[in-house]
Amino acid sequence: MSVQRLPYMVVFEEDTGFKDVYGGALGMVAVEAMRIAPDTQSDTAIVFSHPVGGGSFLPMVNGLAHSGHHVIYANTRYRGNDSALLMEKCVNDLGAVIAHAKEKFGYKKIVLGGWSGGGSLSLFYQDQATGTRLKHTAAGDPYDLSKAELPAADAVLLLAAHVSRAVTLTEWMDPSISDEATPFTRETALNIYDPENPNKPPYDAAYVTRYRAEQLARNRRITAWVKERLADLRAAGRDNYEQAFCVHGTMADLRWTDPTQDPSDRTPYSCYLGEPAVANDGPVGLARFTTLRSWLSQWSYDDSPADGLTNAARVTLPALVINNTADLACTPSHAQRLYDALGSSDKSHIHIKGADHYYIERRDLLDGAVSHVSDWLKTPEQGKTTLTLSLDDFYLSQAARQKLADDIHPLCATRGVPGTHDVARLADVLSKLDGIGAATPLAVPRFSKSHDDRLDDVMVSARPDFVLLEGWCVGGHEKCIERTAQNDWETMHDGDAIWKGWSQEAARAYQPIWDKCNAMMLLRQEDFEAVIDSRWLQEQGNAAESGVWQFADRAAVAEFCAHYQSWTLGIWKDLTPRADFVIGRTPSYDYYSMRG
């Protein structure tokens, strides 16, 4: 299919006290955009943008256009130079392009295309479009987004996206630098590129915890200095003055030297900028050249308003999250964190096996990725909607489980097995689905595994055509397990089978819900060791985000997973012959149909 490229500019005025881009008149903004579309009509446009990177010729952008989609790529005013970039102004630029697309091209629906750094920008944009808008930048300068035209989008596509520029920089920072004035004086024990460093990969959990904490501390030291310098300038009556500075050592993520960190199909000992040790101080590293205001807006871990995870929690649009498993920039935990954080009840998460960040090394995988996006986009065009309910979101609160532990058995405090869910709440939600409407929204619970407790409810205001109920013990019933101990762990921790018997009896309350299911799909792994491996992988992703390890090593994870071994194996045995669809998964995350 042939496509046409239409380059154009969107020009608008804004009130600002200083210039942060080269050329042009103060207060006039010219945003470059390109429309790439086939010679067919469509009421939907996929609008890509990235804070600094131009991507109108990216393989995915071209692939989507050649498959029949209308695509617009919006370069922010900072195209190619992020040294003075403000994320708040990137939102304004993106909004101007979207408003223009609706007014001039007649698009009724907008899908935000968040590729790479555009992921957090898309989420920040939608959060501002629908929520309380900022009136000041992160540095405290007046910049009123409530006066900007920010049309809300209709869906969001997160493709090879990282959680935010600030978090990514922090995870990549070299913590061996303790004094920014002498950046090449580095602490050996924290310098992963120093052969004298006694800490060698694979790194132990204690070293990882220390390393991540020191990375965060360095980011915060720079932030404290930036705020001090701004305060000095303002105290001297120089409100609009700036100061540029250089940040060395910004490509020292443990992932680059230890493939077991956030494991994936990526090429070991490399990064998307080449050799990590060279890129660590190379001229194109993140935040290498920056300014006081730009640091606070895009690089400060605590101050940047473009925090993909925080913004995502307030984004309820239909969403598709794509993880490229060989990505050298955005590793799997980023995609998983974004997916988990999204406030949407209609979201999907897929993996493109072997795909790199740009689909340049593996162009043969591009068509498959485009097909996934096309299939996802068909759902709203056909007028069908899906509500995904996670059984995990119906876990009892921490306090309620602790009461069960006090009254019945200490193991009841650990979430997971039948009996630790609010089944009555789940039944109530299911019974009210037909009555959902704009005037009668339905509150659906959410649960945070990181905090092991409930979050605020999400409101669903449209009746879904399909409901997908997912969870590891969906379909499980009392006959799936034997009450007597089946392994040494159960004998040691529940020798009299009080906890196991309680869970077995509690499973009866779930059966009326399973009976309402029109079809059942079982996704199973090859053995229980693979379950432990998956949970250990998830733990590493959680720790990369929070800097806190719940489990020190795989052995500790295996101890935790022992709570679920009997139920897991019993459900596999029971559902494999009777589920409508059975999907197997290999240890390398390849999926295959076993039946159905």
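Look up: the structure comes first, before these words.
Here's a quick rundown of the structure. (Residues numbered from 1 in each chain as written. Predicted model: local features only at pLDDT ≥ 70, side-chain atom pairs only at ≥ 80, totals over all residues. Heavy atoms only, no water.)

**As for the packing of aromatic side chains**
Per the counting criterion, the structure on display carries 16 aromatic pairs. Aromatic pair Tyr 203 and Tyr 207: ring centres 5.3 Å apart, planes at 40°, arrangement tilted. Of the two residues, Tyr 203 and Tyr 207, neither departs from the other in class, the shared state being buried. Each member of the aromatic cluster is reached from another via a ring pair, and the members are Trp 472, Phe 551, Phe 560 and Tyr 564. The side chain of Lys 89 reaches across the aromatic face of Phe 18, ending 5.3 Å from its centre. (Phe/Tyr/Trp six-rings, centres within 6.5 Å; stacked < 30°, edge-to-face > 60°. Buried < 20%, exposed > 50% of the residue type's maximum accessible area, 1.4 Å probe, protein only. Lys NZ or Arg CZ within 6 Å of the ring centre and 35° of its normal.)

**Some points on the packing of helix H2 (residues 87–104) against helix H3 (residues 118–130)**
Packed helix pairs are specified by the crossing angle of their axes together with the interaxial distance, meaning the distance between the axes. Axis separation between H2 and H3 bottoms out at 10 Å; the angle between their running directions is 75°. Between H2 and H3, the angle is such that the two are roughly perpendicular. Along its contact with H2, which presents Met 87, Glu 88, Cys 90, Val 91, Leu 94, Gly 95 and Ile 98, the element H3 presents Leu 121, Phe 124, Tyr 125 and Gln 128. Each residue belonging to the contact of H2 with H3 can be placed in one class, and the counts come to eight nonpolar, two polar and one charged. (Axes fitted to C-alpha atoms, helices over the stretch in contact; angles between N-to-C directions. Helix = DSSP H or I, 4+ residues; strand = E, 2+ residues; numbered from the N terminus. Parallel < 35°, antiparallel > 145°, perpendicular 65-115°, else oblique. Contact = heavy atoms within 4.5 Å. Nonpolar A, V, L, I, M, F, W, Y, C, P; charged D, E, K, R; others polar.)

**Describing the pairing of strand S6 (residues 155–159)**
Along S6, five of the five residues are buried, which leaves the element largely enclosed by surrounding structure. Residue alternation in S6 divides its side chains into two sets, Ala 155, Leu 157 and Leu 159 and Val 156 and Leu 158, and both sets are buried. Summarising the sheet, strand S5 (residues 109–115) and S6 pair through five bridges and their orientation is parallel. The residue bridging Leu 112 from the neighbouring strand is Val 156, located in S6. Taking the sense of rotation as the criterion, the β-α-β connection linking S5, H3 and S6 turns out right-handed. (Pairing = 2+ DSSP bridges. Right-handed = clockwise from strand over helix to strand, strands pointing away.)

**Things to note about the sheet that holds strand S17 (residues 591–595)**
Here we have three strands laid out as an open sheet, ordered S15-S16-S17, and mixed in their pairing. A single partner strand is all that each edge strand has here, and the edge strands are strand S15 (521–525) and S17. Across the sheet, the mean angle separating the axes of adjacent strands is 30° when strand polarity is ignored. Pairing geometry for S15 and strand S16 (residues 581–585), over five bridges, is parallel. The partner of Met 521 across the bridge, within S16, is Phe 581. Packing of helix H19 (residues 565–575) onto the sheet brings it into contact with S15, S16 and S17, and relative to S15 it is tilted by some 130°.

**What about the packing of helix H4 (residues 165–172) against helix H8 (residues 292–299)?**
In contact at an axis separation of 7 Å, H4 and H8 are set at 95° when each is read in the N-to-C sense. With respect to H8, the axis of H4 lies roughly perpendicular. Of the residues in H8, those in contact with Arg 165, Ala 166 and Leu 169 of H4 are Trp 295, Gln 298 and Trp 299. Here the residues of the contact of H4 with H8 are counted per class, giving four nonpolar, one polar and one charged.

**Focus: the sheet that holds strand S2 (residues 28–38)**
The mixed open sheet is built from eight strands, whose spatial order is S1-S2-S4-S3-S5-S6-S9-S10. At either margin of the open sheet sits one strand with a lone partner, and together these are strand S1 (3–13) and strand S10 (347–352). Taken over all neighbouring pairs, the strand axes of this sheet differ in orientation by 20° on average, direction set aside. Both S1 and S2 contribute to a ladder of 11 bridges, which runs antiparallel. In the sheet register, Met 9 faces S2, and the bridge partner there is Glu 32. Along the sheet, H2 contacts S1, S2, strand S3 (44–50), strand S4 (70–75) and S5; its crossing angle with S1, the most-contacted strand, is approximately 120°.

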